[in-house]
Amino acid sequence: MGHHQLDELDEKILKLIIGNARMPFLEVARACNVSGAAIHQRIQKLMNLGVIKGSEFIVDNAKVGYNTCAYMGLFLKSPGQFPAVTEALMQIPEVVECHYTTGQYDLFIKIYAKDNRHLLSIIHKKLQPLGLARTETVISFKEAFKRQIPIDFSEDENEA
């Protein structure tokens, strides 16, 4: 899945809506000096290409009672477990991300729990029954920052 040929207008639109996903199309149009219909068509094109995967509201996990964030490296007993384990992980609501990785872990997941006791319960009652070889857990004290990758379609410095 390669990248798509996007132009300066696409770049400007992406920068604006990444900064504020709730920005009305007419405001985006004014900032880009084009019609609202043109913005609507461009955003639809970007969605159809899979460049934009939607918009979302971001919930502050701590404010809804999930105070513990943990990252866990999973070691599988065999490669044949990947489909069953990833499907089972999708059924655990507290697991919010799952990545296939290189390096020492077979899978790397992100979990939100109400507290450390709840995290331990998730490990014992939901993860151990999956038949994993073992796990390694790292608890995050605080998210320092989180951001989208920068949108910059200028020539890559390494392509010269």
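In the block above lies the structure referred to throughout.
Since the model is a prediction, treat every value here as computed from it, not as a measurement.

1. Notes on the overall build of the protein chain
For step 1, the next point in the chain: Assigned secondary structure in the protein chain consists of five helices and four strands.
For step 2, the next point in the chain: Ordered by position from N to C terminus, the α and β elements of the protein chain give α-α-α-β-α-β-β-α-β.
For step 3, the next point in the chain: A compact globule built from 160 residues should have a C-alpha radius of gyration of about 15 Å, whereas the protein chain, at 20 Å, is more than 25% larger.
For step 4, the next point in the chain: Counting only residues that meet the buried cut, the protein chain has 28% of its 160 residues in that class.
For step 5, the next point in the chain: In the protein chain, the share of contacts with a sequence separation of at least 24, taken over all contacts with a separation of at least 6, comes to 66%.
For step 6, the next point in the chain: On the protein chain, the mean spot of the 18 positive side-chain charges and the mean spot of the 19 negative ones are 10 Å from each other.

2. Here's the deal with unusual backbone geometry
For step 1, the next point in the chain: In the Ramachandran plot, Asn33 falls in the positive-phi region, its phi being about 60 degrees despite a non-glycine side chain.
For step 2, the next point in the chain: Considering the arrangement of structural elements, one finds Asn33 in the loop between helix H2 (25-32) and helix H3 (36-48).

3. Quick look at the sheet that holds strand S4 (residues 134-140)
Picture the strands of a sheet paired through backbone hydrogen bonds; they go either parallel or antiparallel.
For step 1, the next point in the chain: An order of S2-S3-S1-S4 is seen for the four strands of this open sheet, with the pairing classed as antiparallel. The open sheet has two edge strands with one neighbour each: strand S2 (95-100) and S4. Looking at each pair of strands side by side, their axes are set apart by 20 degrees on average, direction ignored.
For step 2, the next point in the chain: As paired elements, strand S1 (residues 68-75) and strand S3 (residues 107-113) share seven bridges and run antiparallel to each other. The partner of Cys69 across the bridge, within S3, is Tyr112.
For step 3, the next point in the chain: Running over the sheet, helix H5 (residues 116-127) touches S1, S3 and S4 and is turned about 135 degrees from S3.

4. Overview of H2
For step 1, the next point in the chain: Buried within H2 are the following residues: Val28, Ala29 and Cys32. Projection of H2 onto a plane perpendicular to its axis shows the buried side chains occupying an angular sector of 100 degrees, all on one side. Turned more than 90 degrees off the buried face of H2, the exposed positions are Leu26 and Arg30.
For step 2, the next point in the chain: Within two residues after H2, Asn33 carries a phi angle of roughly 60 degrees, on the positive side.

5. What about the state of the cysteines?
For step 1, the next point in the chain: This structure, assessed with the given rule, holds zero disulfides.
For step 2, the next point in the chain: Cys98 supplies the cysteine sulfur nearest to Cys69, a cysteine that is in no disulfide, at a spacing of 15 Å.

6. Describing the side chain of Glu11
For step 1, the next point in the chain: Note that Glu11 resides in helix H1 (residues 8-19).
For step 2, the next point in the chain: Other than its neighbours up to four places away in sequence, Glu11 contacts Ile151, Asp152 and Phe153.

7. Observations concerning the nonpolar core
For step 1, the next point in the chain: With 17 residues, the main nonpolar core has Met72, Leu74, Leu89, Ile109, Ile111 and Leu127 as its most contacted residues.
For step 2, the next point in the chain: Going through the elements one at a time, S1, helix H4 (82-90), S3 and H5 are the ones with two or more residues in this core.
For step 3, the next point in the chain: Judged by nonpolar contacts, the second largest core, of 14 residues, contains Leu9, Ile17, Val28 and Ile39.

Scoring rules and cut-offs
- Residues numbered from 1 in each chain as written.
- Predicted model: local features only at pLDDT ≥ 70, side-chain atom pairs only at ≥ 80, totals over all residues.
- Heavy atoms only, no water.
- Helix = DSSP H or I, 4+ residues; strand = E, 2+ residues; numbered from the N terminus.
- Rg over C-alpha atoms; globule rule 2.2 N^0.38 Å.
- Buried < 20%, exposed > 50% of the residue type's maximum accessible area, 1.4 Å probe, protein only.
- Contact = heavy atoms within 4.5 Å.
- Lys, Arg positive; Asp, Glu negative; His and termini not counted.
- Charge placed at Lys NZ, Arg CZ, Asp CG, Glu CD.
- Pairing = 2+ DSSP bridges.
- Axes fitted to C-alpha atoms, helices over the stretch in contact; angles between N-to-C directions.
- Arc of directions from axis to C-beta.
- Disulfide = S-S within 2.5 Å.
- Core = buried A, V, L, I, M, F, W, Y, C linked by side-chain atoms within 4.5 Å.

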